[in-house]
Amino acid sequence: MATVNRNMFGASITEPPGGAQLMALPLNLIAEIVSHVDDTGDLARLCRTCRVLNYMALPQLYRSLTLTSYDKIRYRDEQPEGIGSASPFTMGLNAIITRSYATLVRSMTLRGEWKEYELEEHAQVGRVPDASMLLNIAARAAIDRMTNLESFHWELNTKMLDTVFLGLTQLPKLTSLTIRFPSSRHPQPTFVIPGMPHLRCLKITDIDPLCYPDDISTLLYKSRKLRELKLHWSPRMRDAHEPSVSLHDYFRKLIASKQPLAVKKMTFQNLYAFHTEEFNWAFDPTTVEDVTFLSGLDGSSLVNTFVENSWPTVPPHAKLRMKSIRMDAVSKRSAEFIGNFSGLERLYFVNVTSESSDILNCPRPGGGVVSSALTPPVSEHHSSGAPGGTTANSPITSASPASQLNAIASMRDIYLSNITTNHGATLRHLLLPSKWPLSTGMVARLVHSCPNLEQLALATEFSSMDSLGLLIPFLRKLKAIRLLIPPPTGQASGGPATSALKIYPSARFDSIKMVQETFANAKTFAEVVDIDDSILTEMLSYDLANKQVYGNVKIISMGWKAWELKDFYKAPIPLGTNKESQTPNGDNASPETTTDSSAPTQGTDGIGPSAPYQPAVSHKSPDTQTTHISSWSKSPGTRPILPPSTLGKRSRDLDGCETHRPPPCPRTPNRAEDNEGVPVYGCYPHTFTDDGFVWKRRARRVGWEVLQHWEVWALDSQEI
């Protein structure tokens, strides 16, 4: 330490003499700032700025290296990529092999499409194309120089040869490996993949025994430190109903030695194989904590019965430590399996399958919803196929809609019963299918049985939305709420959904009236979500402002829209709000005004129309009430109040699960009664403060960049 320059941590970066000073910070603070830069382009620009920033940003730039190959030349700003040299893919490999950056790489990914010329001709004579061989040689040369490599991903459409496999076995720090098998059927050499003793995570995708059946039994047998195993089979076999997968071939060495893998996380996708008793010797069931089983099918198909029924519903071992289950297909057998043990902490039902994308609830890029997507689907009588809009081999579509709904409801009840009975006390994350709209009683039972929920995603009946707002506050640990839109069942409500309302300042008053009419006439939750973002954001800022009730909630979504909830703050009381008729915590007290029986009523805690409420007898005279209403609507500078909130309110101190409906807001005059052009008002369940203000909460519309860090959104996909 004596040789360290004392001015090292006091140095600063400035422009050349005569220029303005850009930065005057100690180097340790600059290094801390650079460490938080994630964008690859920004890191590359920092490296080209000066020597100091190059020294700080270069290790972070090469820490995780991803090279993507394309089967055609791409253009950017009318210039081909790699002009003057070669493609970015090959130039990236060249930089690793010829320069001194290889030791900085911790993770490397090779992905994309590699064009193989004359593949069929080479396959006929038993040769590997030169382009593929040269690629593997270059990858091996790069691997030999990356001595600190910890993770390697081969996601190219061409086969990885033994040249690369042998190079990976010599890496002492390699703990994660991903292999993608090609899907073409041209003959190529197959290998026995060697073991890697330090491997902890193994992911193999696009397995197909009829394409490239490389032997992975040795790799599994010698990877004694393996804790995470992900196997993805090509969907071709399930689509063709071809049970060609033999699990014994993959785990035969483990079974023969009676040394089962002690994995904690196990993932199977598109598995279509019979179950044998020997499979129980492949894994130690007492160490498995996380199980993912994705079949890519929306519901169980009868043609798969012979294979699926071979798998047991009773756990093979009584002392299971299973903490997480993720699945995309529901069946009576899987419901029985969940009911045969207890202690689950995370349960995810994936809504996205190969047959349905669940676009109404998809917040991912490119998965947003437009108004036309809310239109109910075409009637089954206009579908192609057999008469009546059904296909000859589809027993599900041939059933009547009523029988389908009854089957879905029956399956839902079985799952909910097993979830609340066996896992309610330990459950922290719960993602339910959007095709299971829950009634008020079901939500109440779920809330009271699962008090430790932190992330919750569910769909409710539209008439139960106000009750949902009253029940959610009982979940004191809840941080994320995802309200799913049930799939449309048909055009029985009389017309398509309301299109999105774009609110502009010049037409704000008229739009508010349109929004109020939308709320009053809404028949589906999708119609409400389709309202302009500014309206919904304003509603949430008031509705979730009770810190005692929603203090832990950080993020909320409705359908394909999501908001991040931030800090609480005080705001002036909006004009037109009767503070005397509401309690300090925001709940309505006894009414002070009467309502017009001819006007449609709407619960202040929900978004849907509610049954007419009969208020108690007011202690004020009608004249007083009329004057009070008139003073709201005709006072100068009145602030328009937007439509009712999307979630109800209820204090955590209340006992029981009864859904008491608070009195509605005082009736406001319509356009015909207001001769001065004052806009129509709505009502919010304000939370008042002691100093004459109301509480609000900052809400910000967010996208996938935020939602990807929350499991009830991130795990709702066909990705492993």
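Read on for an overview of the structure. Note that the structure is predicted; figures quoted are calculated from it, not measured.

1. Considerations on the packing of helix α14 (residues 401-423) against helix α15 (residues 440-449)
Thinking step 1. Contact geometry of α14 with α15 gives a least axis separation of 9 Å together with a crossing angle of 25 degrees. Classed by the angle they form, the pair α14 and α15 counts as roughly parallel. Viewed along their axes, α14 and α15 form a crossing whose handedness is left-handed. Residues Arg 412, Asp 413, Leu 416, Ser 417, Thr 420 and Thr 421 of α14 touch α15, and the partners they reach there are Met 442, Arg 445, Leu 446 and Ser 449.
Thinking step 2. Grouping the amino acids of the contact of α14 with α15 by side-chain chemistry returns three nonpolar, four polar and three charged.

2. Concerning a nonpolar patch on the surface
Thinking step 1. Taken together, the side chains of Leu 25, Leu 29 and Ile 33 present a nonpolar region at the surface, about 240 Å² in accessible area.
Thinking step 2. Within the secondary structure layout, Leu 29 lies in helix α1 (residues 27-34).

3. Notes on the pattern of salt bridges
Thinking step 1. In this structure the tally under the stated criterion is 25 salt bridges.
Thinking step 2. The partner of Arg 346 in a salt bridge is Glu 345, with the nearest N and O atoms 3.7 Å apart.
Thinking step 3. Within this structure, Glu 345, Arg 346, Arg 428 and Glu 454 form a network of salt bridges that share partners.

4. Brief notes about the side chain of Ser 717
Thinking step 1. Looking at where Ser 717 falls in the secondary structure, it is placed in the segment after α23 (711-714).
Thinking step 2. Contact partners of Ser 717, with chain neighbours within four places excluded, come to Leu 294, Arg 326, Val 350, Val 352 and Arg 364.

5. Quick look at unusual backbone geometry
Thinking step 1. Positive phi values are uncommon outside glycine, yet Glu 118 reaches one of about 55 degrees.
Thinking step 2. Of note in this structure, Asp 206 is not a glycine but carries a positive phi near 60 degrees.
Thinking step 3. Here Asp 206 is to be found in strand β7 (residues 201-207).

Each value, and the rule that gives it
Residues numbered from 1 in each chain as written. Predicted model: local features only at pLDDT ≥ 70, side-chain atom pairs only at ≥ 80, totals over all residues. Heavy atoms only, no water. Axes fitted to C-alpha atoms, helices over the stretch in contact; angles between N-to-C directions. Helix = DSSP H or I, 4+ residues; strand = E, 2+ residues; numbered from the N terminus. Parallel < 35°, antiparallel > 145°, perpendicular 65-115°, else oblique. Left-handed = near helix turned anticlockwise from the far one by under 90°. Contact = heavy atoms within 4.5 Å. Nonpolar A, V, L, I, M, F, W, Y, C, P; charged D, E, K, R; others polar. Patch = residues over 30% accessible without salt bridge, like charges linked within 9 Å, V, L, I, M, F, W, Y side chains within 5 Å. Areas by Shrake-Rupley, 256 points an atom, 1.4 Å probe, with all protein chains shown as cover. Salt bridge = Lys/Arg side-chain N within 4 Å of Asp/Glu carboxyl O.

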